[in-house]
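Descriptive analysis of the structure
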Amino acid sequence: MGENLFRIVNKLVNNKKICRLLKYQDSTPFDDDKPDIDGTELLHKQIIIVPRIPEDGIECSFIIVVFDQYTINPANPDFKVCRIRFDIVCPYSEWVINANSLRPYLLMQEIDNIFNQSKLSGLGNL
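A brief look at the structure comes next.

**Comments concerning the layout of surface pockets**
The space that makes up the second largest pocket amounts to roughly 180 Å³. Considering the residues around the second largest pocket, the lining is formed by Leu 22, Lys 23, Gln 25, Glu 41, Leu 42, Lys 45, Gln 46, Asp 56, Ile 58, Cys 60 and Phe 62. Residue classes in the lining of the second largest pocket are distributed as 5 nonpolar, 2 polar and 4 charged.

Shown next as structure tokens:
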């Protein structure tokens, strides 16, 4: 799990759209005058791998990556099935942006684009 969690987080921090949506908490996160973000600066601040929002009082968006709901695969009891959950937390004041959708939905879309049907070692297709 640790290796797969690292791979998941690595894909998130290398996605420019996700990083801009998390870093720029205004209505224009995709403006050309704003520099691209080094996603590693968002790690443990806005891209989180423990199921807990930091309590520093800063109001901003988060993505929390969690493995949960482990069950034995009924078709093959030698393997377990688990769910990877991406919790997206956005303050209501930051939902509306100058784009074709709302901030949390754009984050969801990017996560789906990255991970839908992708493979992780030992986990098979997502």
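**Regarding the side chain of Ser 118**
In this fold, Ser 118 is placed in the loop between α3 (103-115) and β4 (119-120). Residue classification places Ser 118 among the buried residues on the basis of a relative accessible area of 12%. A distance of 3.0 Å separates a polar side-chain atom of Ser 118 from the backbone oxygen of Phe 115.

Procedures and definitions
Residues numbered from 1 in each chain as written. Predicted model: local features only at pLDDT ≥ 70, side-chain atom pairs only at ≥ 80, totals over all residues. Heavy atoms only, no water. 1 Å grid on protein atoms, 1.4 Å probe; cavity = no way out; pocket = protein on both sides within 12 Å on 5 of 7 lines; lining within 4 Å. Points joined across faces, edges and corners; volume = space filled by probe spheres on them. Nonpolar A, V, L, I, M, F, W, Y, C, P; charged D, E, K, R; others polar. Helix = DSSP H or I, 4+ residues; strand = E, 2+ residues; numbered from the N terminus. Buried < 20%, exposed > 50% of the residue type's maximum accessible area, 1.4 Å probe, protein only. Polar contact = N/O pair within 3.5 Å; in protein donor to acceptor, adjacent residues only side chain to side chain.

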